[in-house]
Structures are given as structure tokens and as C-alpha cells.
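The chain contents come next:
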Amino acid sequence: MREINAAKIADAVARLYADSCLHLPESVKKKLYAFGNKAIIENFETNGALPLCQDTGLAAVYLEIGQDIHISGGIPAAVNEGVRRAVKGSYLRASVVSDPLRRVNTGDNTPAVLYTELVPGDTLKVTVVPRGFGCENKARLVMLTPGDGMQGVKAFILETVHLAVPDACPPIVVGAAVGGTFDKVAYFSKKAVLRMGPNPDPFYAEMEQELLEKIKNVALAVNLVASPTHIAGLPCAVSIGCHSLRWASEDIV
Amino acid sequence: MTEVHAPLTREAAEELRAGEEVLISGIIYTARDAAHKKLCELLQKGEALPIDLEDAVLYYAGPTPPPPGCSIGSCGPTTASRMDRFTPRLLEEGLRGMIGKGHRSPEVVEAIAKNGAVFFAAEGGCGALLARCVRRAEVIAFPELGTEAIRRLIVENFPAVVAVDAKGSVYNKWTI
């Protein structure tokens, strides 16, 4: 069994969180050049001088852990240590309050929101997504019923976009998930925002195109993802990604 | 491009029209959710405010910390509608201009018109670029709020568009 120390996770989170706040992925830049908003292009061309957006987010950290590795040391502590180091070292904003109602800032942007997923093999992949709340606040979820069908899903997605613009910093990327359960559909809609390229299933790819055509003045992409669900249900969640669509990912083992 | 000087007089505010592109120079104050709450609590208690709101321009922003050699960190606008519940009260105190992103509520638009004020929209998500317009920054109230403290900024040619004018006309740059 492959052995790794959690300190490696802290190092990766520190590096990836800072990098994701200072630089956009090339794939996102390409879409933004094509869209052609001058201020937005000039902003990312400042290229690491300052964080691209003052909202350096709540840090969402995804660990894809190979089932054949063993990690020594505490994982949540390592993740938070990485966040703390990035915030201090790269002058990121402390945007986290320790309690949603009493609202005292924690001062170092911890804790992160941590997701772990077991995967086959002996690898470990770390992904950091700074979740800015301009767009996070615009996410919506509805438990549709089977009778609502595709029309119900399309209507809910478009209604969410109408409510999101302009607050969510257009041009936006729409991540929409259908199926699964109440909690899983939200999780998958978040992941859908980061997907580059169309759904491999032509049925959904066509629906993506049809929806994008209706909102192309304010959107870069519509990404749909579908999961098996219950005979009585049609959960639907829509997450919005702002134009500062930031994340960074690395295989550390 | 129209040049706007801050602080902003009522007369100057009333000349601006929805949709007009402006460059703002002068003194503005950052204030977002937590600072708005505190300002309104002070007014409720009848206590003095830490800044004079007469003809003031508030910038809905919470910057990142300045790296060495910079006057401020990344400093773009935050969502204005979160301030809507506090805005009419502050307009009564003479607040003349606000800079943020997104829509305002009908109640705020009405209060802006009633008080001869203006709401400017700045491009969201462009904090690195907009920081270049900030010459100086200093915390002047509520330092315990960290990024949400009130900062006095000296800005030069800060780009924005008039999104709600003193007549209550509204301009939306982003339409679906």
C-alpha cells in the first residue's frame, strides 16, 4: 500500500488555492476572448498581479483518493493549513464567518469545505475551487415531479438565469443537474459548472445548445448532467459560475 | 465619458442620466453588509456616524489585503441588492452615490429619486483591474470587521455606468 503524509495535501492546497485565485484556466480564457468583454479580458490579463476577484471565495477542496493509498496525519487539518498558508502568502481575502447567524470572521478563511471521493488505484488528486458568493447566492434547487418533465427542467433553469443576472457577474456558466436525490443533485450541479465541453449524451448535448441559444448574451455555456433517480422524483439543481471561473487541480501522487 | 467628482453634490448627481458612462475621481468609502448594519444600528440609537454621509459616495466592496507596495488589493464591486434594506435610511442622511453591481429594488429606486441620488454599476469580477484606480486606502471605521471595515479610498478615473439616475430611470447593461 502506498503511503503518503497529509503534509503533502497541505502543500498542494496552498499552491492550488493561490494559483486559482490569481490565474484563470486557459480553457476559460479562451471562452472569454471569444465573448469579447474588454474589461473582463483586461482584468485576467493583469495576470497574477492581484487576485482576479476580491472575492477569493470559500475554498471548496475536492480530494479524489485512490483506495490503495494510506494517508498518515489528519486530512481536514491539512486542508485548512493549506488554505491558511495561501491566504497569508498570496494576500487572499478572509471571507469566512464561523457561525452563519453570529457572523464573526475567522480571519484566515478557514475552514474549507471538504469533499472526499474514493476512486480505484493508488493516486490522489486535489482540486481547489474558490467559491465566490456573488454567484453562489444565485444557485437554486427544486424537487420537480416526473410529470414536469423536460419542459419543467428547462423552465426552472431559465428562470434561475433570469434571477442570477446581472448580480452573478456575467457572462456566466450554468451547471444544471437532474436526477439523484436532494443532496446529490446540488453536488452534481456544482461539478457541472466546471465541465468543459458538451455532455457526451447527444440527448443532453442538444438540450444544452437549445438553452444556451436563449441566453447567449449573458452566458458562456450550459452544462447539464443527469443521474438515475426514483420513480416519483425529478430533482433539479442549478449552479451558476461567474466569468471569473477559477479552479486548479493536480495529481499529487 | 463623463467625469464625476466625489463627494458628489445633489446638483451634479441630478445632471447624470441612466446609461451614461462615467469616470469617478475623488473620495469614496467602502461599505458592505456588516458596515451597513452597523451604520443603521447607530442611527437607530441616535448616535453619531463615523463618516459624514452628506454628499458621500459609498462603494460596496470588500478588498483583498494589499500586497507590499500596493495601496489596496483586488477591489471590485459586490452585489448591491444585499444593501437594499439599509439604503433608504442612509439616503435620508444625505448619501448621494453608491457603486455596486446588479439590480436595486423598486423601493431603493424610489428612494434614490426622492433624495436626488445616483447608483453607479461597476463591472463585476474585475477587482484586479479596478484596484488600479485606487490611489490610497485607509481604514477609518469598524476595523474589527476586517475586509468589511469602512475604508476611505482616493480614486482616479474609476469606470462605471449610471444604473439608476436621480429621476429614478434605470439602465441594465446585461440583458438576456
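Residues numbered from 1 in each chain as written. Chains lettered and ligands numbered in written order. Predicted model: local features only at pLDDT ≥ 70, side-chain atom pairs only at ≥ 80, totals over all residues.

Colleague: Please explain the domain arrangement of chain A as it appears in this structure.
Modeller: Residues and elements named next belong to chain A. With domains assigned, chain A is organised as domain 1 (2-131) and domain 2 (134-241). The gap between the C-alpha centroids of domain 1 and domain 2 is 24 Å. Tallying the contact residues gives 6 residues for domain 1 and 6 residues for domain 2. The element contributing the most residues to the side of domain 1 that touches domain 2 is helix 2 (residues 26-35), with 3 residues. (Domains from an automatic or database assignment. Contact = placed C-beta atoms within 7 Å. Helix = DSSP H or I, 4+ residues; strand = E, 2+ residues; numbered from the N terminus.)

Colleague: Quick question: what am I supposed to make of the nonpolar core here?
Modeller: In globular proteins that are soluble, nonpolar side chains generally tend to be buried together. Counting 131 residues, the largest nonpolar core has A:Val13, A:Ile172 and B:Phe120 as the members making the most contacts within it. With 10 residues, the single largest contributor to this core is helix 1 (residues 6-22) of chain A. Here this core spans two domains, and each of domain 1 (2-131) and domain 2 (134-241) of chain A adds at least three residues to it. Beyond its immediate chain neighbours, meaning those up to four positions away, B:Phe120 contacts B:Val22, B:Ile24, B:Gly97, B:Met98, B:Ile99, B:Ala160, B:Val161, B:Val162 and B:Ala163. (Core = buried A, V, L, I, M, F, W, Y, C linked by C-beta atoms within 7 Å. Buried ≥ 20, exposed ≤ 12 C-beta atoms within 10 Å, placed from the backbone.)

Colleague: Just to check I follow, could you spell out the sheet that holds strand 2 (residues 58-66) of chain A for this structure?
Modeller: Two orientations exist for strands paired in a sheet by backbone hydrogen bonds: parallel and antiparallel. All names here are of chain A. Overall, mixed pairing links the 4 strands, which are arranged 4-2-5-10 in an open sheet. The two strands at the open ends of the sheet, each matched to only one other strand, are strand 4 (113-119) and strand 10 (248-251). Pairs of neighbouring strands in the sheet enclose a mean axial angle of 15 degrees, with direction left out of account. (Pairing = 2+ DSSP bridges. Axes fitted to C-alpha atoms, helices over the stretch in contact; angles between N-to-C directions.)

Colleague: Explain helix 8 (residues 202-215) of chain A to me, please; I cannot follow it from the model alone.
Modeller: Every α-helix carries 3.6 residues per turn, so stepping three or four residues along brings you back to the same face. Residue and element names in this part refer to chain A. Taking 1.5 Å as the rise per residue, helix 8 with 14 residues should run 20 Å; its terminal C-alpha atoms sit 20 Å apart, in good agreement. When helix 8 is considered as a whole, its buried residues turn out to be Met207, Leu211 and Ile215. The arc that holds the buried residues of helix 8, viewed along the axis, is 65 degrees, so those residues lie on one side. Across from the buried face of helix 8, at angles greater than 90 degrees, the exposed residues are Pro202, Gln209, Glu210 and Glu213. (Expected span 1.5 Å × (residues − 1). Arc of directions from axis to C-beta.)

Colleague: Whenever I open this one, the sheet that holds strand 7 (residues 172-180) of chain A confuses me. Can you help?
Modeller: All names here are of chain A. Pairing is mixed in the open sheet, where 4 strands are placed in the order 6-9-7-8. The open sheet is flanked by strand 6 (140-144) and strand 8 (219-229), the only strands paired with a single partner. The mean inter-strand angle of the sheet, taken between neighbouring strand axes irrespective of direction, is 15 degrees. Bridging between strand 7 and strand 8 involves 8 bridges; their strand directions are parallel. Residue pairing across strands places glycine 180 opposite threonine 229, the latter belonging to strand 8. Helix-sheet contacts for helix 6 (residues 149-164) involve strand 6, strand 7, strand 8 and strand 9 (234-241), and the interaxial angle to strand 9 is about 30 degrees.

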